[in-house]
Amino acid sequence: MDQRLEGGESRFATYVESLSAALGHLDRARPMKDYCTGLLMPGERKSVEPMAAIMAPARVSAQHQSLLHLVGQAPWRDEAVLSRVRELVMPAMERSGPIEAWIVDDTGFAKKGVHSVGVARQYCGRLGKTDNCQIAVTLSLANHATSLPIAYRLYLPEDWAADEARRKKAHVPEDVIFKSKPEIALDQIRAALAAGVAPGVVLADAGYGVDGAFRSGVTANRLTYVMGVQSTLSVWPPGAEPLPPKPWSGRGRKPSQVRRDADHRPVSAKKLAMALAPEDWRTVAWREGSNETLSSRFAALRIRPASRDWQRSTPHPLEWLLIEWPEGEKEPTKYWLSTLPEATPIAVLVDTAKLRWRIERDYEELKSELGLGHFEGRGWRGFHHHATLCIAAYGFLI
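Residues numbered from 1 in each chain as written. Predicted model: local features only at pLDDT ≥ 70, side-chain atom pairs only at ≥ 80, totals over all residues. Heavy atoms only, no water.

Asks: Break down the packing of aromatic side chains for me, citing the residues and quoting the values.
Replies: The full count for this structure, using the stated rule, is nine aromatic pairs. Relative to Phe-383, the ring of Tyr-152 lies with its centre 5.9 Å away and its plane at 35 degrees, an arrangement referred to as tilted. A residue pair is termed long-range when its members are at least 10 positions apart, and Tyr-152 in strand S4 (residues 147-154) and Phe-383 in helix H14 (residues 380-397) qualify at 231 residues. Assessed through its relative accessible area of 8%, Phe-383 is described here as buried. With a centroid separation of 6.4 Å and 40 degrees between ring planes, the pair formed by Phe-298 and Trp-336 is classed as tilted. With a gap of 38 residues between them, Phe-298 in strand S10 (residues 293-305) and Trp-336 in strand S12 (residues 334-338) connect regions that are remote in the sequence. By the burial criterion, Phe-298 is buried, and Trp-336 matches it. (Phe/Tyr/Trp six-rings, centres within 6.5 Å; stacked < 30°, edge-to-face > 60°. Helix = DSSP H or I, 4+ residues; strand = E, 2+ residues; numbered from the N terminus. Buried < 20%, exposed > 50% of the residue type's maximum accessible area, 1.4 Å probe, protein only.)

Asks: Describe the environment of Arg-287, with residues and values.
Replies: Turning to its location among the elements, Arg-287 is positioned in strand S9 (residues 282-288). Given the relative accessible area of 28%, Arg-287 is considered partly exposed. With 67 residues separating them along the chain, Arg-287 and Lys-354 place their C-alpha atoms 8.8 Å apart. Excluding anything up to four places from it in sequence, Arg-287 contacts Glu-292, Thr-293, Leu-294 and Trp-357. (Contact = heavy atoms within 4.5 Å.)

Asks: Could you give an account of the environment of Thr-352, with specific residues and numbers?
Replies: Along the polypeptide, Thr-352 turns up in helix H12 (residues 346-354). Excluding residues that lie within four positions of it along the chain, Thr-352 makes contacts with Val-201, Leu-203, Val-226 and Leu-340.

Asks: I'd like to hear about the pattern of salt bridges, residue by residue, with values.
Replies: Per the stated rule, a full pass over the model turns up 16 salt bridges. One salt bridge in this structure joins Asp-34 and Arg-30, with 3.3 Å as the shortest N-O distance. In this pair, Asp-34 and Arg-30 are both assigned in helix H2 (residues 29-40), four residues apart and thus about one turn of the helix distant. Between Glu-324 and Lys-354 there is a salt bridge whose closest N-O contact spans 2.9 Å. In this pair, Glu-324 sits in strand S11 (residues 319-324) while Lys-354 sits in helix H12, placing the two residues 30 residues apart along the sequence. Overall, Glu-324 belongs to the buried group, its relative accessible area being 6%. Looking at Lys-354, the relative accessible area reads 12%, which means it is buried. Salt bridges linked by common partners bring Asp-105, Arg-356 and Glu-360 together as one network. (Salt bridge = Lys/Arg side-chain N within 4 Å of Asp/Glu carboxyl O.)

Remember, this is a structural readout, not a statement about activity or role.
This is the structure:
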């Protein structure tokens, strides 16, 4: 038995038994235990066939059918199982400290074929390029000691969502419509709030932070955030804001939108950063790395985002603009917007922004150790069931 289970068989059995109630039928409990055990056992591939051979070498065919039915066909709800995983694992997480962050991210799976649900040529972060892949959007809970994905949903590209033949073949549910990745993430955030999950600061990279509607949606749900943005982000420098609406001439509709003119315009985040004085930068350390303490140079400014503010009657609220410019680099390398309170020290801003690294660690272990990307089926249900069981197995390790 794998060392991650050795000595903990009784605890694992209790854990899986507690999860199995969310499956809907008692006869799914044994296949679930076998599937999760297979994910935790050593092996190069964590797909159904090799796991069946490891778990039941004397009856591989029957075990294969049992596991295949559980993951590919059985109509249990992924949300119910993930909710139960969260309930069981959160007490262990909170022994190391309260939940500090909700991390929004997505992860990609390279695919050679074109028939698996959601496969399309799109940017894959794992490959660092555009290629044939599937992408799943996730929401994770985190503190400084540990983290856990609590929501997981395939991004269905627009051409897939509109293709009835492919939808039918992959058994995509009728209520699944096209949504952008930020829209999927907002749905996951709203569901977590409705479930009473302990709130945290929402963290996301620039793929989400550049979406003003996503940032506004997080704020509308009364959550704070630290999100990556691009250097081209348009901002009003400290102390500046758009001009008030034009004076009313007494005719027509009274002007109500703020404005800018040729002499009063916002600047890019990069231009603002490059104009800062040397004393505006501070060296801040945020955590211990494998060989040394991680640190870099940062500046933090109170600014107003300027994106489409000419459509507003009031300026955007003040936010933090956090900028990282490592020693030796020709220009700043990273930018974040944050709605953390005005009194937040720069060390806390940096520490919170950098906490997003935990999701990369989760993905690495889920993929390399638990076979998150090894599912070989092509359907919607199997894609999500396999991921849910991987997360369930991962939760046991916390």
